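Tertiary structure, described
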Amino acid sequence: MSMPLLRRLALTTAFAAVMMIGAATGSARAAGPLTYDLKPTRIAPDTYVFEGSTKHFTRANGGNILNSGFIVTADGVIVIQTGPSRRYGEEMRAAIRKVTEKPIRKVFISNLHPDYWLGSQAFADVPIAALPGTIAGIQEEGSGIADNMYRLVGDWMRGTEVTVPTEPVYGSTVKFGDHRLRLIPLSGHTAADLMILDETTGVLFTGGVVFCDRTPTTPHATVADWLKELDAVDGLDIRLLVPNHGHIRSDKACVAQTRDWLTWLDGTLRHAVESGLDMAEALELPIPERFEVLDVLREEYRRSVAHLWPKIEQAALPRVN
Amino acid sequence: MKYALYQMGLAGAMIVVAGTAFAASSPSDPLNSVMWEALRDQYFAGAPVVFDNAVRVNAPAAAEDTRAVPVSVDATALGKVVEMVAIADLNPFPLVLRYHPGTAAPYIATRIKIQQATAVRGAARTADGVWHVSGVMVDAAGGGCSAPPASYAQKDWADHVGEVQARLWPADTDGVARLRLRIRHPNDTGLVDGIPAYFIETLQVEAQTPGGSAELAKIDSLEPVSENPVYSLDVRPPPDATALVLRGRDNQGGEIRATIPMPPPGARPAMRPAMSLKPADQPWSVGQ
């Protein structure tokens, strides 16, 4: 709990400092140069994470709402997710350079959502690997996703262009130096979700499959399949779980939390449709208190109503002509 | 707290507005929309207007899908209402629909396209001729009105135009029954290159009874209503109704007709959280 809080405080302080410098120098740019101020946290041998906020994309956080990571192997550095913007990718690469001189060996992208891959421009000289479904999704929706990020976080996105992953990967176990990485292809959170289990350290990068104290997002979700993904995580022997959004934990509590939320969400919307409620009314349904630990709860719930309601409703209305 | 302050503001704003003095003393728009005065003159021409939170407008603060933003307008707190409208100020076609509730409760919900961040309003005209206006701000990425309907990606869309899905829930103790309609239709605005305007214009709900048919409610539907429009209404079917009939027409003369069966025995009336939610539970209400 304390890590993200400290991080938020640190960010706030950083912003305040930047604002003061801007004012003092009379700079034309009121907010001064933007920086994510990425600081890697070592979470296991050779393994580091840049821990992001648990909020939604904002102009204050520049889209830094993810836990990207890297593993320093004898065969070079493995990067997992590249962040929401070119700037993030560049800062991430510079921060990795401070930890190790080793070259970047490969980048893995877990799904098509913006914060996973829009920083890939900074890694254009190395292979960028993703599931075929993720590559297809980025080819199809990438420019729309990038446009929307420009709208949401503004100047942080400057110079960011769609960089499509270059290397399709499949379910397999691959060895980089002394690290054995198990690539686990799933679908549910999106049509193509890549989880990466470092068998050497027991660290599982879940991508969007598990959220931890942060409300799960559903723009490309099929809830029934997502629940099966969670069963798959339950079957894995792990030491540390790194969700893309939320807190890093050594247990699987957040697998249960994600399952609890999805089950409640899907059941509640189905019940509401069946009970004659309108979609606009469903936006305001009460959410049980136990979910208050999830950040951006009401906002993400409302987004989920937009994503999930129309299909449930369509299936529940009989044809009458 | 914020809501209470706003209520006080509203009370001030509602010291109003009658007859010829209208233009000079018209209350200012709590949503500060640049379009308000033009829209007021266009859609409420000369009629007295008050901003009134008794009209509840539900819509998300941010549109997740600008082609289908859920909006409901509930004026049941006003009692008898003659006519209702929904307006999205900054849409190329601001007027979304006019609703003539007839014997139905003054409540309508649908999904709308919005072109950019805008005030979304609901208004209800009471028998004394006064328009009661309320609304919310909806933020949006844009493009909802000028994006081609997804229908056209399906080769056989034309075979399905006019298909109706519907369900009627049993009447509650007050005689009000929830009706939900979904109609397959591109509902195109005409703003996409080479695609002419093609949208549902009128929908009318009637009750079939042994003594003939009786009109329950009527919707004048317009361009901003989403593709494959969905409506929720709260109708009052007569006790001897044997079925409801939906009749409609699009702007190219296409007819819509469907017979909606009465609910099966044992079905339960629709849930109505709207009535149990206090306004304070609605943090994005007017004045945010």
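So, the overall build of chain B
- Scanning chain B from N- to C-terminus turns up five helices and 15 strands.
- Taken over 288 residues, chain B has a buried fraction of 45%.
- Sequence-distant contacts in chain B: of pairs separated by 6 or more residues, those separated by 24 or more amount to 70%.

Comments concerning the packing of helix α6 (residues 253–274) of chain A against helix α8 (residues 297–316) of chain A
Residue and element names in this part refer to chain A.
- It is the contact of α6 with α8, at a shortest axis distance of 9 Å, that shows an interaxial angle of 50°. In this view, α6 runs oblique relative to α8, as classed from their interaxial angle. Viewed along their axes, α6 and α8 form a crossing whose handedness is right-handed. Every residue of α8 that contacts α6 at L265, L269, R270, V273 and E274 is listed here: S304, V305, L308, W309, I312, E313 and A316.
- Of the residues assigned to the contact of α6 with α8, the class counts are eight nonpolar, one polar and three charged.

Focus on the interface of chain A and chain B
- Taken together, the contact pairs 23 residues of chain A with 32 residues of chain B.
- Contributing elements (two or more residues each) for the side of chain A that touches chain B: α4 (132–153), α7 (279–282) and α8 of chain A.
- The dominant element in the side of chain A that touches chain B, judged by the number of residues it contributes, is α8(A), at six residues.
- Here the residues of the side of chain A that touches chain B are counted per class, giving 10 nonpolar, six polar and seven charged.

Section: the nonpolar core
- Counting 151 residues, the largest nonpolar core has A:M195, A:V305, B:V71, B:M84, B:V138 and B:L246 as the members making the most contacts within it.
- Tallying contributions element by element places α6(A) first for this core, with eight residues.
- Once residues within four sequence positions are removed from consideration, A:M195 is found in contact with A:I184, A:L186, A:L204, A:F205, A:T206, A:G207 and A:V209.

What about unusual backbone geometry?
- One non-glycine residue, A:D213, adopts positive backbone phi at about 60°.
- As for its position among the elements, A:D213 is in the loop between β11 (203–212) and α5 (223–234).
- Here the phi dihedral of B:N32 falls at roughly 50°; this positive angle occurs in a residue that is not glycine.
- When you line up the elements, B:N32 lands in the loop between α2 (22–25) and α3 (36–43).

Section: α3(B)
All names here are of chain B.
- Looking only at α3, the buried set comprises W36, L39 and R40. One side of α3 carries all its buried residues, which in axial view fall inside an arc of 105°. In α3, the exposed positions that point more than 90 degrees away from the buried face belong to A38, D41 and Q42.
- Structurally, α3 contributes buried residues whose contacts are with β1 (49–51) and β4 (81–88).

Examining the sheet that holds strand β5 (residues 104–108) of chain A
Residues and elements named next belong to chain A.
- Taken in spatial order, the seven strands line up as β1-β2-β3-β4-β5-β6-β7 in an open sheet, and their pairing is mixed. Because the sheet does not close on itself, it has two edges, and the strands there are β1 (41–44) and β7 (167–168).
- Where strand β4 (residues 76–80) meets β5, four bridges bridge the pair, whose relative direction is parallel. Opposite I80, over in β5, you have F108 as the bridge partner.

Brief notes about the pairing of strand β9 (residues 179–186) of chain A
All names here are of chain A.
- Strand direction decides the pairing type here: strand β8 (residues 172–176) and β9, joined by five bridges, are antiparallel. For K175, the partnering residue across the bridge sits in β9 and is R180.
- In textbook terms, the turn of a hairpin is the stretch between consecutive antiparallel strands, and for β8 and β9 this stretch comprises two residues, one of which, G177, has a positive phi near 55°.
- Bridge count between β9 and strand β10 (residues 193–198): six bridges; the pairing is antiparallel. Bridge pairing in β10 places L186 opposite D193.
- Joining the antiparallel neighbours β9 and β10 is a turn of six residues, in which G188 adopts a positive phi near 155°.

A short note on the sheet that holds strand β10 (residues 177–183) of chain B
All names here are of chain B.
- The strand order β2-β3-β6-β13-β10-β9 describes an open sheet built from six strands, whose pairing is antiparallel. At either margin of the open sheet sits one strand with a lone partner, and together these are β2 (56–58) and β9 (164–168). Strand-to-strand twist of the sheet, defined as the mean angle between neighbouring strand axes without regard to direction, takes the value 10°.
- As judged from the two bridges shared by strand β6 (residues 107–112) and strand β13 (residues 230–235), these two strands associate in the antiparallel manner.

Side note on the pairing of β6(B)
Residues and elements named next belong to chain B.
- Summarising burial for β6: six of the six residues are buried, a large majority.
- Both faces of β6 are covered, namely the face carrying Y107, A109 and R111 and the face carrying I108, T110 and I112.
- Note that strand β3 (residues 69–74) and β6 share six bridges and pair antiparallel. Residue V69 lies in a different strand from β6, and its bridge partner there is I112.

Let's talk about the environment of B:L203
Residue and element names in this part refer to chain B.
- For L203, the position within the fold is in strand β11 (residues 200–209).
- Its 24 C-beta neighbours within 10 Å are what place L203 among the buried residues.
- L203 has contacts with I219, S221, L246 and G248, leaving out every residue within four places of it along the chain.

About the cut-offs
- Residues numbered from 1 in each chain as written.
- Chains lettered and ligands numbered in written order.
- Predicted model: local features only at pLDDT ≥ 70, side-chain atom pairs only at ≥ 80, totals over all residues.
- Helix = DSSP H or I, 4+ residues; strand = E, 2+ residues; numbered from the N terminus.
- Buried ≥ 20, exposed ≤ 12 C-beta atoms within 10 Å, placed from the backbone.
- Contact = placed C-beta atoms within 7 Å.
- Axes fitted to C-alpha atoms, helices over the stretch in contact; angles between N-to-C directions.
- Parallel < 35°, antiparallel > 145°, perpendicular 65-115°, else oblique.
- Left-handed = near helix turned anticlockwise from the far one by under 90°.
- Nonpolar A, V, L, I, M, F, W, Y, C, P; charged D, E, K, R; others polar.
- Core = buried A, V, L, I, M, F, W, Y, C linked by C-beta atoms within 7 Å.
- Arc of directions from axis to C-beta.
- Pairing = 2+ DSSP bridges.

What is shown is where atoms sit, not what they do.
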